Every structure is written in C-alpha cells, then in structure tokens.
Amino acid sequence: MMKLVVAIVQDQDSSILSEEFREARIPATKLSSSGSFLRAGNTTFLIGIEEERVEEVLRVIQDNCQGRKLMTTPPVHLDASVGTDISYQVPVQVGGATVFILPIEQHFRF
Ligand code: 2BA
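Residues numbered from 1 in each chain as written. Predicted model: local features only at pLDDT ≥ 70, side-chain atom pairs only at ≥ 80, totals over all residues. Heavy atoms only, no water.

Enquirer: Account for the pattern of salt bridges, with residues named and values stated.
Expert: In total, this model carries four salt bridges according to the counting rule given. Its salt-bridge partner being aspartate 13, residue arginine 68 comes within 2.8 Å of it at the nearest N-O pair. Of this pair, arginine 68 sits in strand β4 (residues 68–72) while aspartate 13 is found in helix α1 (residues 11–23), placing the two residues 55 residues apart along the sequence. By the burial criterion, arginine 68 is buried, and aspartate 13 matches it. Residue glutamate 56 pairs with arginine 53 through a salt bridge whose shortest N-O separation is 3.0 Å. Judged by relative accessible area, which is 26%, arginine 53 ranks as partly exposed. (Salt bridge = Lys/Arg side-chain N within 4 Å of Asp/Glu carboxyl O. Helix = DSSP H or I, 4+ residues; strand = E, 2+ residues; numbered from the N terminus. Buried < 20%, exposed > 50% of the residue type's maximum accessible area, 1.4 Å probe, protein only.)

Laid out in structure tokens, this is it:
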C-alpha cells in the first residue's frame, strides 16, 4: 500500500532535506509554497512511498528540520501604529515541519 507524505518545511531546511532524501533513495518532489499566516515562502515536499518506509521518511524529516522563532509584522495594524512610521514585529514560533500522510488510491507513471 502506498502513502503520500506531504511535508511543509522552512526554506532554510529544504536543501539539506532534499540531499538527505536523495541519499536515502527516498523519491521526493519539491514545491515552492507559502504560508498563509506569515505570508512568506516555505517548501512543500511530496513523497510517494510504500507504507513500510513512512517511519523512515518521518525520521529523516524530523532529523533535518528545526523549529525557529521568526519575527513578523502582523497583518492588522493596531491603532497605536497608525500615523507613525514604526511598524512593530511580533515573534512567531514556526515548527520544524507540518506533515500530512494520505492514502494513495492509484499510482501511474506514464
Ligand atoms: P504559515 O501559515 O505561514 O504559519 C507559520 C506559523 O505561524 C505556524 O507554524 C504557526 O506557529 C503560526 N500560526 C499559523 N497560524 C496562526 C494563527 N492563526 N495564529 C497564531 N499563529 C499562527 P507551523 O504550525 O509550524 O506551520 C508552518 C507552515 O505549515 C504554515 O505556514 C503553513 O504553510 C503550513 N501549515 C501549518 N498547518 C497547516 C494545515 N493545517 N494545513 C495546511 N498547511 C499548514
């Protein structure tokens, strides 16, 4: 039974993760994506893999993606900032990876 692992990771971790997938012979497709909250780029990996190897894939992701605290400007400005040039920033803790595992009904390679 095949599964589709969808992993959203931070751009900073995407090169090393690609490399580790390659070395472990884990097939992966890398997509440029962006988060709706931070409105910043991130990277989404699609990995079609046999069910028995899902644990291995998760381990590689966990070992190579780290959570970080990023600063962002909130989308809605408070009254306090109106009329000033000072834009304030707030810290956001971004996870190492957001992962979804889906069943694959059919898989074709033409
Ligand atoms: P973003 O949407 O840019 O979110 C970045 C981080 O901002 C999130 O980290 C979370 O810590 C925080 N955040 C998100 N929405 C928030 C809110 N309404 N209020 C306060 N803080 C909020 P992560 O949870 O590690 O997510 C990282 C990225 O993974 C997200 O980037 C998004 O692209 C994706 N993601 C997370 N959960 C998802 C889901 N349920 N479905 C689809 N994509 C998801």
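Enquirer: Tell me about the site of the ligand, and name the residues and values.
Expert: Taken together, Ile8, Gly35, Ser36, Phe37, Leu38, Asn42, Val92, Gln93, Val94, Gly95, Thr98 and Phe100 make up the full set of residues adjacent to the ligand. Between asparagine 42 and the ligand, the recorded distance is 3.0 Å, taken from a side-chain N or O atom to an oxygen atom. One of the backbone nitrogen or oxygen atoms of glycine 95 is found 2.7 Å away from an oxygen atom of the ligand. Of all the elements in the fold, those that place two or more residues in the shell around the ligand are β5 (90–94) and β6 (97–103). Looking at the shell around the ligand element by element, the count peaks at three residues for β5. Of the residues contributing to the shell around the ligand, the split by class is six nonpolar, six polar and no charged. (Near = heavy atom within 4 Å. Polar contact = N/O pair within 3.5 Å; in protein donor to acceptor, adjacent residues only side chain to side chain. Nonpolar A, V, L, I, M, F, W, Y, C, P; charged D, E, K, R; others polar.)

Enquirer: I'd like to hear about the layout of surface pockets, residue by residue, with values.
Expert: Approximately 330 Å³ is the volume found for the largest pocket. Considering the residues around the largest pocket, the lining is formed by 19 residues, among which Gln10, Leu38, Gly41, Asn42 and Val94 are closest to the centre. Contributions of two or more residues to the lining of the largest pocket are made by β1 (2–9), α1, β3 (41–50), β5 and β6. Here the residues of the lining of the largest pocket are counted per class, giving nine nonpolar, nine polar and one charged. The computed volume of the second largest pocket comes to approximately 210 Å³. Contributions of two or more residues to the lining of the second largest pocket are made by β1 and β3. At three residues, the largest contribution of residues to the lining of the second largest pocket is made by β3. The residue makeup of the lining of the second largest pocket, split by class, is seven nonpolar, three polar and one charged. (1 Å grid on protein atoms, 1.4 Å probe; cavity = no way out; pocket = protein on both sides within 12 Å on 5 of 7 lines; lining within 4 Å. Points joined across faces, edges and corners; volume = space filled by probe spheres on them.)

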